[in-house]
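If you want the building blocks of each chain, they are given just below.
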Amino acid sequence: MVKPKSFRPWNPEQTLLFPPSPVEWLPENHLVFFLLDLASELDLEAIYAVYRQKDPRGEKVYDPRMMVVLLLYAYCVGLPSSRKIEKACWEDVAFRVLTGNQKPDHSRISDFRRRHLDALAGLFVQVLRLCQKAGLVSLGQVALDGTKIRANASKHKAMSHERMLKSERQLEAEMRALLRKAEIIDAQEDGQVGKGKRGDELPEELQRRSSRLEWIRKAKAELEAEAAAAKTRQRQAEAEAAEQEAEAAEASGDEQHSKRAARRSRGARKRADDAQKLAFEKAEAAGPELSSVAAAETDRLAMPQRTLPTDAAGNPKPTAQRNHRCAEGFAYTDPDSHILKGADGWIQGYNAQAAVDGDHQVIVAIGVSNQPSDAVHLLPMLELIEANTGQLPDALIADAGYCSTANLEACEEKGLQAYISTSRQQHGQRPRPSRGRAPRDLDARGRMERKLRSKAGQAIYALRKTVVEPVFGQIKGSRGLDRFRLRGLEKVNGEWALMATTHNILKLFRASAAAA
């Protein structure tokens, strides 16, 4: 007789055989234990300070350090959704070990992330410093690149200024027709039920059109205010340049040239003042928050913002677009996001920048903007690299999107060895090597082109594809963080910081595991 196959005993309702400590549910080298140890190294004073200011009475909150570790682990494993995090706290062993079998609901997780987003974003620099101490950052060769990430908004909700005007006129005509119809119905109902009795409510169709018209007008006013602010910045820059030119002309002693320059300066200043006056009028009409605009003007570390196409008076051109609420007002969208050209076509999103160290693919600087072009981000990113690490890299590598005469000259003035492609090359095509002595009259672009045609320049520039591009693949592809959950430029910056921080944490974790 053949003995039947035996199996390991299995009884889902048996609880006594489970380990008495949740710590025993995971292997010793698990990421959860690394994060728990890391949490003791992080400075969370900014978060604890918020709770010390509150009344100690009332319902107890979850330990902030536990909530921070919970969010960091969730982003490490590609789980940014607060509802999915809540579900994992019930079903996933690693989450249960991390929280000590506590199960915060999604609203508390979401509120904690929103309330302490600035403090969570500040963890990026702390983790970067730990990577530096661990020898993962040398700043020998740093590659800079940007990737387009989808916003929490639909590109189909982006309306141009021309379409806003057309929709406004159409809805006004429909509302007038509906009001006339409502007056006729009211008169008929008064004859039937008598005056002073119910029956005077606006028809549902009229209420819906009224709401749509209100939001279209608001989006149009905000678009016009944003365009006027952009025109003001342009006029102010032109006025400052004209004033500097007038001062130089006056110092030269040429009277005629000085008079012409002074006249141009006065005209430029008047146009700047007129543009500023218009911007204040548009802002007062729209009531937008101008803090982000002011920050971009005064903070040298701030990322550039999009510049809307405007006419000479500062009004938005018909093609200028802004994301708005959906027509029936069922949901909010993200007005700070912009339509950008991504790898898979046009998206409603943001331009996320990252500077990556070449040794272990550790991110050393980050930034997010709604400006499609990469070139305007190079100098702010260099400032961020120096602010985060205390020094500039030995070499900076960037593709042709960052190439401009101003950027190349700025790198030369800083004494930075930059390797920035001056033109886009077809896949597999190699530039013709440079021969002979360099001409003396080469400009910055010519000098850069000649440097990249040398064998050493080609070898260094080829590292870009192995340094920064895999990082975007790891974040967007491997961890699935290819769409922002939060809305608004300020919050999106915080979420991008969380994505980059957890990327560096994973690098630190794997390096420590390899050294063990």
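Our subject is the structure that appears above.
Worth saying up front: this structure is predicted, and the values here are computed from it rather than measured.

Caption draft 1: Main features of the overall build of the protein chain. When helices and strands are counted, the protein chain shows 18 helices and eight strands. The buried share among the 516 residues of the protein chain stands at 42%. Carbon and sulfur atoms make up 50% of the accessible area of the protein chain, which totals about 29200 Å².

Caption draft 2: Main features of the pairing of strand 8 (residues 417-420). Sheet topology places strand 7 (residues 395-398) next to strand 8; four bridges connect them, and they run parallel. By the bridge assignment for strand 8, leucine 396 is matched with alanine 418. The parallel pair strand 7 and strand 8 is bridged by helix 13 (residues 405-413), and the resulting crossover is right-handed.

Caption draft 3: Looking closely at the environment of leucine 508. Its location among the elements puts leucine 508 in helix 18 (residues 489-515). Considering only alpha carbons, one finds leucine 508 and glutamine 132, 376 residues apart in sequence, at a separation of 9.9 Å. Those residues in contact with leucine 508, other than ones at most four positions away along the chain, are Phe34, Leu130, Cys131, Ala134 and Leu136.

Caption draft 4: Region of the structure containing the nonpolar core. Ranked by internal contacts, the top residues of the largest apolar core, which has 98 residues, are Ile363, Ile420 and Trp496. Setting aside residues no more than four positions away along its own chain, isoleucine 363 makes contact with Phe124, Leu128, Ala354, Ala355, Val356, Val471, Ile475, Ala500, His503 and Asn504.

Caption draft 5: Looking closely at helix 1 (residues 31-39). Taking burial as the measure, the nine residues of helix 1 include seven buried ones, the bulk of the element. Within helix 1, the full set of buried residues consists of Leu31, Val32, Phe33, Phe34, Leu35, Leu38 and Ala39. Packing partners of the buried residues in helix 1 comprise helix 3 (64-76), helix 5 (93-99), helix 7 (117-133) and helix 18.

Thresholds applied
- Residues numbered from 1 in each chain as written.
- Predicted model: local features only at pLDDT ≥ 70, side-chain atom pairs only at ≥ 80, totals over all residues.
- Heavy atoms only, no water.
- Helix = DSSP H or I, 4+ residues; strand = E, 2+ residues; numbered from the N terminus.
- Buried < 20%, exposed > 50% of the residue type's maximum accessible area, 1.4 Å probe, protein only.
- Areas by Shrake-Rupley, 256 points an atom, 1.4 Å probe, with all protein chains shown as cover.
- Pairing = 2+ DSSP bridges.
- Right-handed = clockwise from strand over helix to strand, strands pointing away.
- Contact = heavy atoms within 4.5 Å.
- Core = buried A, V, L, I, M, F, W, Y, C linked by side-chain atoms within 4.5 Å.

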